[in-house]
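This is what each chain is made of:
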Amino acid sequence: MVEFLKRAARGFGAVGLMCLSGCAAVDTHQRVADWPELKVVEHHVSNREMRDHCAPFVGSLESPLGCTVFYFDALEAHIYVSREFPSDFVLEHERLHASGYDHIGSVALQTMLKDWRARSKVRLAATPAAAK
Ligand SMILES: [Zn+2]
């Protein structure tokens, strides 16, 4: 039960995907099926601020170049890139993630979306109004 509550609470939070120094190429031919139309917000922030936003999605020894944070509940994707080290490559890369394209051979985006959809169903079922 505690695990369920933790998972439910996380449903309101964010999931992210980041671009690291050895960032994998995005598969531009295959978009995640049924990817929702997300409002994309780009944040060109200081390197430090970008790291603050992206660090939760990165291993402690890794250094992010940028990341896309998905708020599926709000249907928004927030891209964080450093304005001190601007890179068209990183920005384009994150834009592709925001529109539903994953790294070659990765199912991370598909899994995030599937998890969110599953949690949304649980929440709807748990809402008294939905039971009537
Ligand atoms: Zn990436």
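Provided above is the structure to which this section pertains.
A. Region of interest: the pairing of strand β4 (residues 64-71). When you tally the buried positions in β4, you get seven out of eight residues, the bulk of the element. The pairing of β4 with strand β5 (residues 76-82) spans six bridges and is classified as antiparallel. What sits directly across from Gly 66, in β5, is Val 81. Hairpin connection of β4 to β5: four residues between the antiparallel strands, including Leu 75 at a positive phi of 55°.

B. Spatial organisation of the nonpolar core. Counting 16 residues, the largest nonpolar core has Cys 67, Phe 70, Ile 79, Tyr 80 and Val 81 as the members making the most contacts within it. Look past the residues within four positions of Tyr 80 in its chain and what remains in contact with it is His 43, Val 45, Met 50, His 53, Cys 54, Gly 66, Cys 67 and Val 69.

C. Here's a closer look at helix α2 (residues 47-54). Looking at α2, one finds that the buried residues are Met 50, His 53 and Cys 54. The arc that holds the buried residues of α2, viewed along the axis, is 90°, so those residues lie on one side. Those residues of α2 that are exposed and angled more than 90 degrees off the buried face are Arg 48 and Asp 52.

D. Up close: the pairing of strand β2 (residues 26-31). Judged by how many residues are buried, β2 sits mostly at the surface: zero of six residues are covered. One ladder, built from two bridges, connects β2 with strand β6 (residues 101-103); its direction is antiparallel. Within the sheet, the bridge partner assigned to Val 26 lies in β6 and is His 103.

E. Structural detail: unusual backbone geometry. Within the chain, Asp 34 stands out as a residue other than glycine whose phi angle is a positive 60°. Within the secondary structure, Asp 34 is located in the loop between β2 and β3 (39-45). At Leu 75, a residue that is not glycine, the phi angle is positive and equals roughly 55°. Structurally, the position occupied by Leu 75 is in the loop between β4 and β5.

The rules behind the values
- Residues numbered from 1 in each chain as written.
- Predicted model: local features only at pLDDT ≥ 70, side-chain atom pairs only at ≥ 80, totals over all residues.
- Buried ≥ 20, exposed ≤ 12 C-beta atoms within 10 Å, placed from the backbone.
- Helix = DSSP H or I, 4+ residues; strand = E, 2+ residues; numbered from the N terminus.
- Pairing = 2+ DSSP bridges.
- Core = buried A, V, L, I, M, F, W, Y, C linked by C-beta atoms within 7 Å.
- Contact = placed C-beta atoms within 7 Å.
- Arc of directions from axis to C-beta.

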